Amino acid sequence: MEFSIGDINALAVVVAALVYFFIGTVWYSPVLFSQAWMKETGKTKEQLTPNPFIFILCFILAVAASFALACLFEIVGVDGFVPGLFAGLMAGLALAAACAITMLFDDYRRYKLYLINVGYHAVGFPIMGIILGLWH
């Protein structure tokens, strides 16, 4: 199979990135894990000053992650809901495992913080996978 970046659906990449970014917004909000995340990082609400640059950079990185996943899907021929879900799960698992390898050498990290942070990607990647698998 011949791969061309021109075959990537840019709108699907951006929509998947927006959804992934939104998942992160909810994931780290008071609705889900903000309190546990603050406890594990030792930060207080007062210490967290909104920095628009960080959120812009996070969105750019979400687009990069979505684009990389879309390229991988195009290369291996992922097409449809179940293949997109499964490939997204596998990409999320690869990311979680890679982060765990690094975490094992960072004695200041806590496992709960790892689970909170990597959980976001483990949920977000399969959802991006579904979007990219259905809309390519």
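Above this text is the structure in question.
Residues numbered from 1 in each chain as written. Predicted model: local features only at pLDDT ≥ 70, side-chain atom pairs only at ≥ 80, totals over all residues. Heavy atoms only, no water.

### Concerning the layout of surface pockets
Point 1. Each pocket or cavity is described by its volume, and for the largest pocket that value is around 1,100 Å³.
Point 2. Forming the walls of the largest pocket are 27 residues, and the residues nearest its centre are Tyr-28, Trp-37, Ile-54, Phe-55 and Cys-58.
Point 3. Among the elements of the structure, α1 (10–27), α2 (34–41), α3 (52–76) and α5 (111–134) are those that each provide at least two residues to the lining of the largest pocket.
Point 4. Considering each element in turn, the lining of the largest pocket owes the most residues, seven residues, to α3.
Point 5. Looking at the lining of the largest pocket residue by residue, the classes come out as 16 nonpolar, nine polar and two charged. (1 Å grid on protein atoms, 1.4 Å probe; cavity = no way out; pocket = protein on both sides within 12 Å on 5 of 7 lines; lining within 4 Å. Points joined across faces, edges and corners; volume = space filled by probe spheres on them. Helix = DSSP H or I, 4+ residues; strand = E, 2+ residues; numbered from the N terminus. Nonpolar A, V, L, I, M, F, W, Y, C, P; charged D, E, K, R; others polar.)

### Details of α3
Point 1. The first and last C-alpha atoms of α3 sit 36 Å apart over 25 residues, in line with the 36 Å expected at 1.5 Å per residue.
Point 2. Turning to α3, its buried residues are Ala-62, Ala-65, Ser-66, Leu-69, Ala-70, Cys-71 and Phe-73.
Point 3. Each element contacted by the buried residues of α3 is listed here: α1, α4 (81–104) and α5.
Point 4. The backbone nitrogen of Phe-53 lies 3.0 Å from a side-chain oxygen of the residue at the head of α3, namely Asn-51.
Point 5. Phi for Gly-77, located one or two positions after α3, is positive at around 80°. (Expected span 1.5 Å × (residues − 1). Buried < 20%, exposed > 50% of the residue type's maximum accessible area, 1.4 Å probe, protein only. Contact = heavy atoms within 4.5 Å. Polar contact = N/O pair within 3.5 Å; in protein donor to acceptor, adjacent residues only side chain to side chain.)

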